[in-house]
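# Breakdown of the fold
Residue strings, one per chain:
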Amino acid sequence: TVVAIVKFVQEQNDEMNGNVIVGMALCIVISTLTFYNLFNMDKLTELTIKDKQKTKQYIHSLIKKNKWEVKKENDEILIINANLSNIPERQLSFIFRNNNLFINTITIRDNLKSTLFYNHDKRFTESIINNLTDNDLIQSCNS
């Protein structure tokens, strides 16, 4: 019976060690993805636009259509709060420089950047770029 108890304890230790290894691997994967998202979420996508005024007009039509809130606007910068029902505060930024448009989307929760929505934000930016492309407003995309 002592041998059976020792064998049982060893099996439990082996199982626990396996769980610890799996847990550590999971933590490493989650940390890596979080840091990747954190370092990439501020990157701007650069587009070469054909006409600044037409592009701005189209963006304003999107704002009106989707009932987004303009947070800041001047000749070169347009920052929009694009609230969606499932994502609390999505900020869409447009920077106009010469014939270039820089665009980025980022979700902010309680004044902190949220890496949880990085992939959703990226797809949202891509959908805006696709709309601009479909409406023949951009020449090329240089991520």
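Shown above is the structure to which this text applies.
Quick summary incoming for the structure in this document.

About the criteria used
Residues numbered from 1 in each chain as written. Predicted model: local features only at pLDDT ≥ 70, side-chain atom pairs only at ≥ 80, totals over all residues. Heavy atoms only, no water. Helix = DSSP H or I, 4+ residues; strand = E, 2+ residues; numbered from the N terminus. Buried < 20%, exposed > 50% of the residue type's maximum accessible area, 1.4 Å probe, protein only. Contact = heavy atoms within 4.5 Å. Expected span 1.5 Å × (residues − 1). Arc of directions from axis to C-beta. Axes fitted to C-alpha atoms, helices over the stretch in contact; angles between N-to-C directions. Parallel < 35°, antiparallel > 145°, perpendicular 65-115°, else oblique. Left-handed = near helix turned anticlockwise from the far one by under 90°. Nonpolar A, V, L, I, M, F, W, Y, C, P; charged D, E, K, R; others polar. Core = buried A, V, L, I, M, F, W, Y, C linked by side-chain atoms within 4.5 Å. Polar contact = N/O pair within 3.5 Å; in protein donor to acceptor, adjacent residues only side chain to side chain.

## Description of the overall build of the protein chain
Of the regular secondary structure elements, the protein chain holds three helices and seven strands. Listing the helices and strands of the protein chain from first to last along the sequence gives α-β-α-β-β-β-β-β-α-β. Relative to its 143 residues, the protein chain shows a buried fraction of 32%. For the protein chain, long-range pairs separated by at least 24 residues make up 53% of all intrachain contacts whose partners lie at least 6 apart in sequence.

## Brief notes about helix α3 (residues 118-134)
Its 17 residues give α3 an end-to-end C-alpha distance of 24 Å, which sits within 8% of 24 Å, the value for a rise of 1.5 Å per residue. Within the sequence span of α3, burial applies to Y118, D121, F124, T125, I128, I129 and L132. Looking straight down α3, one finds that the buried residues subtend no more than 140° of arc, so they occupy a single side. D136 lies just past α3 and shows a positive phi near 55°.

## Concerning the packing of helix α2 (residues 52-66) against α3
Their axes nearest at 11 Å, the elements α2 and α3 cross at an angle of 125°. As the angle between them shows, α2 and α3 are arranged oblique. In this structure, α2 meets α3 at a crossing whose hand is right-handed. Residues T55, Y58 and L62 of α2 form the contact with α3, whose participating residues are I128, N131 and L132. Class assignment for the residues of the contact of α2 with α3 results in four nonpolar, two polar and no charged.

## Notes on the nonpolar core
Counting residues in each nonpolar core, the largest one holds 21 residues, and the members touching the most others are W68, I80 and F94. Those elements that provide at least two residues to this core are β1 (45-49), α2, β3 (77-81), β4 (90-97), β5 (100-109) and α3. With residues near it in sequence (within four places) discarded, W68 still touches L62, I63, I80, N81, A82, N83, L92, F124 and I128.

## Section: the side chain of D121
Take D121: it is sitting in helix α3. There is a polar contact of 2.7 Å between the side chain of D121 and the side chain of T107. The residues touching D121, leaving out its near neighbours within four places in the chain, are R90, T105, I106 and T107.

## Points about unusual backbone geometry
Located in the positive-phi region is N98, a residue other than glycine, with phi close to 55°. We note that D136 has phi near 55°; this positive angle belongs to a residue other than glycine. Mapping D136 onto the fold places it in the loop between α3 and β7 (138-142).

## Re the environment of L44
For L44, the position within the fold is in the loop between α1 (2-40) and β1. We classify L44 as partly exposed; its relative accessible area is 36%. Counting along the chain gives 81 residues from L44 to T125, while the straight-line C-alpha distance between them is 9.9 Å. Once residues lying within four places of it in the same chain are set aside, the contact partners of L44 are I95, F102, I103 and N104.

## Some remarks on the environment of E69
Inspection of the secondary structure puts E69 in strand β2 (residues 69-73). Since its relative accessible area comes to 44%, E69 is described here as partly exposed. Separated by eleven residues in sequence, E69 and I80 have C-alpha atoms that sit 5.6 Å apart. If we ignore the near neighbours within four places in the chain, the residues touching E69 are I79, I80 and N81.

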